[in-house]
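Coordinate inspection notes
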Amino acid sequence: MTTTYAALLRGINVSGSKRVPMAELRTVLTELGHTGIATYLQSGNAVFRSDGDDEDALAAALEQALHQRFGFAVDCLVRDSGYLAAVAGACPFPAAELEGKQLHVTFFDRSVGADRFADLGAEDFLPEEFQLGDRCLYLYAPDGLGRSKLAVALGRPRHVKGLTATSRNWNTVVKLGEMTRG
């Protein structure tokens, strides 16, 4: 059975480093045998169809192919359309009432317990807030990610050590959900 997935690449095309042109990403995915390939923006978002059913194995194969092609490591997460729909549906914040830049989702390679972030006093960051979800973290940053003190705190090594994590704004989360459904 063919499944539609989104590949989320971490840390590419930022300030001129780890340059991965989207046309070449599409080529890499094609060479891996995937079909229905499309990219979104320049920040490492791709949608593809595959007969594979193991998201971790698909991500590992993509990481290896990218390393071979570009000569540097790129962390990747692969998530299917059902997961993306569930993430959108479980958002604990009023997404429809917010601007896309105010709401972000950090995707993790595995489940993360609240104890990992227990040292963060919620009241210290208000009006910013975060909530954990299924292998993700929702961040409400009313002034945007660039001004978010909570985003800085959440990204500290003690909170993300040992995880593969990559963030997308809400508009991108919604668009990837649409692309994987259609």
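Notes on the structure follow. (Residues numbered from 1 in each chain as written. Predicted model: local features only at pLDDT ≥ 70, side-chain atom pairs only at ≥ 80, totals over all residues. Heavy atoms only, no water.)

Taking 1.5 Å of rise per residue, twelve residues should cover 16 Å, and helix H6 (residues 170-181) covers 17 Å from first to last C-alpha, within 8% of that figure. All buried positions along H6 are accounted for by Trp 170, Thr 172, Val 173, Leu 176, Gly 177 and Thr 180. Each buried residue of H6 lies within a common arc of 165° when the element is viewed along its axis, so the set occupies one face. Of the residues that open H6, the one with a side-chain oxygen 3.0 Å from the backbone nitrogen of Asn 171 is Asn 169. (Helix = DSSP H or I, 4+ residues; strand = E, 2+ residues; numbered from the N terminus. Expected span 1.5 Å × (residues − 1). Buried < 20%, exposed > 50% of the residue type's maximum accessible area, 1.4 Å probe, protein only. Arc of directions from axis to C-beta. Polar contact = N/O pair within 3.5 Å; in protein donor to acceptor, adjacent residues only side chain to side chain.)

Right, let's talk about the nonpolar core for a bit. Grouped together as the largest cluster of nonpolar side chains are 21 residues, with contacts concentrated most on Leu 9, Leu 25, Leu 62 and Leu 66. Of all the elements in the fold, those that place two or more residues in this core are strand S1 (3-9), helix H1 (22-31), strand S3 (45-50), helix H2 (55-70) and strand S4 (76-80). The element that contributes the greatest number of residues to this core is H2, accounting for six residues. The residues touching Leu 66, leaving out its near neighbours within four places in the chain, are Leu 9, Val 20, Leu 25, Val 28, Gly 71, Phe 72, Val 74 and Cys 76. Ranked by size, the runner-up nonpolar core spans 20 residues in total, among them Tyr 83, Val 87, Cys 91 and Val 173. (Core = buried A, V, L, I, M, F, W, Y, C linked by side-chain atoms within 4.5 Å. Contact = heavy atoms within 4.5 Å.)

A separate point is the packing of aromatic side chains. In the structure shown here, the tally under the stated rule is five aromatic pairs. Judged by centre distance (5.6 Å) and plane angle (65°), the ring pair of Phe 117 and Phe 130 falls under edge-to-face. Highlighted residues: Phe 117 in the loop between strand S5 (103-108) and strand S6 (129-133) and Phe 130 in strand S6, separated in sequence by 13 residues. Lying across the ring of Tyr 83, Arg 79 places its NZ or CZ 5.5 Å from the centre. A cation over a ring is seen here: Arg 135 above Tyr 83, with NZ or CZ 4.5 Å from the ring centre. (Phe/Tyr/Trp six-rings, centres within 6.5 Å; stacked < 30°, edge-to-face > 60°. Lys NZ or Arg CZ within 6 Å of the ring centre and 35° of its normal.)

Further remarks concern the pattern of salt bridges. Should the charged atoms of two oppositely charged side chains come close, the side chains can pair. In total, this model carries eight salt bridges according to the counting rule given. Among the ionic pairs, Asp 75 bridges to Arg 10, the shortest N-O distance being 4.0 Å. Taken together, the residues Asp 75 in the loop between H2 and S4 and Arg 10 in the loop between S1 and H1 connect sequence positions 65 residues apart. Asp 75 sits in the partly exposed class, given a relative accessible area of 31%. Overall, Arg 10 belongs to the partly exposed group, its relative accessible area being 40%. With its nearest N and O atoms 3.6 Å apart, the salt bridge here joins Asp 134 to Arg 135. (Salt bridge = Lys/Arg side-chain N within 4 Å of Asp/Glu carboxyl O.)

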